[in-house]
Every structure is written in structure tokens, then in C-alpha cells.
Amino acid sequence: MTARPIIFSGPMVSAILSGRKRQTRRIAKRDHGKPLDVCPYGKRGDLLWVRESFRIDEFDYAETIYRADFPREDAKAVSWRPSIHMPRSRSRLTLILDDWAVEPLHAITNCEARLEGFPSMLGAPARDAFRHYWEQINPGTWATNPWVWVLTFSPETRNVDAPS
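One structure accompanies this document, and this report is about it. This structure is a prediction, so every number in the text was calculated from the model and none was measured.

**Topic: the pattern of salt bridges**
Close approach of charged atoms lets side chains of opposite charge pair. Following the criterion strictly, the structure yields 11 salt bridges and no others. Residues Asp 46 and Arg 4 are paired through a salt bridge, measuring 3.3 Å at the closest nitrogen-oxygen approach. Taken as a pair, Asp 46 in the loop between strand E2 (23-27) and strand E3 (47-51) and Arg 4 in strand E1 (residues 3-7) lie far apart in primary sequence, 42 residues in all. Its salt-bridge partner being Arg 25, residue Glu 112 comes within 3.3 Å of it at the nearest N-O pair.

Okay, structure coming up:
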């Protein structure tokens, strides 16, 4: 069993914490024709520790404050460290990789969009909400229908260490 970092935005961290998100999609980058039969995120049972925007409490260095826990307007007034710089010791979420697949982005169903953390809104399918958010974080890629890694996971709301 290995542990690898994975970055999530604040809204997606909130969706994991609330129990709405159990799946994520990441663009599959082909390395000079290498096959997509080995997932770069690991195999079933491996751990993914979540990196998110954070800051260290100025009065208690041991305390980590997470941007996802604050409403957008409150979070703007604070200087946050980017998620890419989060050390493993500050992570509060570990995802256990249950399954993975590779598929075209457009293959996502409404059921899977709900697993991604997107509810149906005002009669619009969950897939439409997913598509809108996808375009915000990956501009222009929906139209190209890239191959994506589909990762299904079970979240642990703690920093789980991989056995040595």
C-alpha cells in the first residue's frame, strides 16, 4: 500500500467532508504512447492524502486552518498557502482508493455526477452542474472530451499513514 498526494479545491473538500463526494475525475495524460492500464493514482487499497489551501495559525503553530471551512467572503481577507504546498502532516483527509477506470469525459452519467458531489438543481441534471464546474477548473476541455481517470474512493476524515 502506498500513499500519494492529490489536490482538491475548497468546494470539493467540502463535498467530501459532507459525504456527497465519493468520486473524482482527472485528465489522463498519455506519456508517449504508454498504455492506460496502470493508474498513476495507485491501485485498489492505496491511499490518497488530500492537499487543500490552508494556513498555519499564527498563535498556535500546531493548528492548521483550512480555507474550505470558511465562506468565500471571509476567506478572501486571509492570506492562504496554495494546496500544492501542503505537507502531509497538515492533511486532514485521506482517501482509500476503491476502484479506478479510464473513460472519455462525456461518459459521465447523472448518477456519477452525484458521486462527484453535484446534486440535480432546479430540474437540471447533475451532469450539467458537473460540466459547468469542470469548465471552470479545466477551461476549454469539455469540448475536447479528453480521456479521464475515474477514481472512486472511501474518505477518512483523518490523516491515515501508509504502513511501512
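**Regarding the sheet that holds strand E6 (residues 94-104)**
Spatially, five strands are ordered E1-E3-E6-E7-E2 in an open sheet, and the strand pairing comes out mixed. At either end of the open sheet lies a strand with only one pairing partner, and these are E1 and E2. Pairs of neighbouring strands in the sheet enclose a mean axial angle of 45°, with direction left out of account. Two elements, E3 and E6, share three bridges in a ladder whose sense is antiparallel. Looking across to E6, one finds that Leu 47 is bridged to Ile 96.

Cut-offs applied
Residues numbered from 1 in each chain as written. Predicted model: local features only at pLDDT ≥ 70, side-chain atom pairs only at ≥ 80, totals over all residues. Heavy atoms only, no water. Salt bridge = Lys/Arg side-chain N within 4 Å of Asp/Glu carboxyl O. Helix = DSSP H or I, 4+ residues; strand = E, 2+ residues; numbered from the N terminus. Pairing = 2+ DSSP bridges. Axes fitted to C-alpha atoms, helices over the stretch in contact; angles between N-to-C directions.

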